[in-house]
Amino acid sequence: GAVVSQHPSRVICKSGTSVKIECRSLDFQATTMFWYRQFPKQSLMLMATSNEGSKATYEQGVEKDKFLINHASLTLSTLTVTSAHPEDSSFYICSAIAGGPETQYFGPGTRLLVL
Amino acid sequence: QKEVEQNSGPLSVPEGAIASLNCTYSDRVSQSFFWYRQYSGKSPELIMSIYSNGDKEDGRFTAQLNKASQYVSLLIRDSQPSDSATYLCAVNWRATNKLIFGTGTLLAVQP
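Residues numbered from 1 in each chain as written. Chains lettered and ligands numbered in written order. Predicted model: local features only at pLDDT ≥ 70, side-chain atom pairs only at ≥ 80, totals over all residues. Heavy atoms only, no water.

We now examine the overall build of chain B. Regarding its fold elements, chain B presents 0 helices and 11 strands. Radius of gyration (C-alpha) of chain B: 13 Å, near the 13 Å computed for a compact globule of 111 residues. Projected onto its principal axes, the C-alpha coordinates of chain B cover approximately 40 × 30 × 20 Å. Within chain B, buried positions represent 44% of all 111 residues. Of all intrachain contacts in chain B linking residues separated by at least 6 positions in sequence, the fraction that spans at least 24 positions is 54%. Carbon and sulfur atoms make up 48% of the accessible area of chain B, which amounts to about 5200 Å² in all. A distance of 7 Å separates the average location of the 10 positive side-chain charges in chain B from that of its 10 negative side-chain charges. (Helix = DSSP H or I, 4+ residues; strand = E, 2+ residues; numbered from the N terminus. Rg over C-alpha atoms; globule rule 2.2 N^0.38 Å. Buried < 20%, exposed > 50% of the residue type's maximum accessible area, 1.4 Å probe, protein only. Contact = heavy atoms within 4.5 Å. Areas by Shrake-Rupley, 256 points an atom, 1.4 Å probe, with all protein chains shown as cover. Lys, Arg positive; Asp, Glu negative; His and termini not counted. Charge placed at Lys NZ, Arg CZ, Asp CG, Glu CD.)

So, in C-alpha cells, the structure goes:
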C-alpha cells in the first residue's frame, strides 16, 4: 500500500507553546489529506480536510485558529497546534488519499503531550 | 443514532475460530465501506474495502455488505493471536471523501 509518514512521532511541550506536525506522502502525490485526533479508548475524529493549494475545511467544533493547517505541496501537509493546552494532548493522525478517490492510507501518528 | 455503530467488545475467540465483527451505518447515501485494524498505540491499517452488496474475500478476511439493511461485517477465519486488535469500521460520509469511523470492536484471540 501507499506510505504516509509523520514527524515527529512523539512530542512533549509546555502549555502555551505551539507544535508543528508534518505529514508526508512518500511514494505518491496527495491532493487531499486529512487530519484526525484520537483520545484514549475513543475512535478517530476527523478534524479537517487539507487540500493542496487551498484553505483547509474544518469539521464543526474544531477551532481553525488553533489548529492551523497548511498543504503547500502535493506531498506535504502540516498541522500546527497553537498555544497548546493539556486538553490538546492526544494522538494526531493524518491520512492521504491514494489509488482512488476513497481509499485513505494513514500515517503512523503523532502523540502529543502538553504539560 | 450514531452515524457508524459497532459493538465495542471485547470479542473473545479461541485461536483458529472465526471472528465475526459487525457494523451498522445511518447514511443511505454512503457507497464505500472500509475495515481498518488498529493495534494499541498505532495508527489504523486498511484491511478491506467493499463497495457492492455481497461478499468480498481476501485471504482469511471476508467483508460482507448489505446496503438495504445498512450493515457491513468482517469475518476473520482461522483467527490468530496476532489478529488481536481493535477493528474499525469506516464509511464514506454522504459519498464524500470524508471517513466516519465507528468506535471500534476490540478483538482478543486466545491462544
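Text resumes after the structure shown.
In this structure the tally under the stated criterion is 9 aromatic pairs over all chains. Both rings, one in A:Tyr36 and one in B:Phe101, keep their centres 5.7 Å apart while their planes meet at 85°; by these two values the pair is edge-to-face. Of this pair, A:Tyr36 sits in strand β4 (residues 32-38) while B:Phe101 is found in strand β10 (residues 99-101), placing the two residues in two different chains. What makes A:Tyr36 buried here is its relative accessible area of 0%. The class for B:Phe101 is buried, based on a relative accessible area of 8%. Ring plane angle 40° and centroid distance 6.4 Å describe the contact between A:Phe67 and A:Tyr92, whose orientation is recorded as tilted. Note that A:Phe67 is positioned in strand β7 (residues 67-73) and A:Tyr92 in strand β9 (residues 90-97), a separation of 25 residues in sequence. Each of the two residues, A:Phe67 as well as A:Tyr92, counts as buried. (Phe/Tyr/Trp six-rings, centres within 6.5 Å; stacked < 30°, edge-to-face > 60°.)

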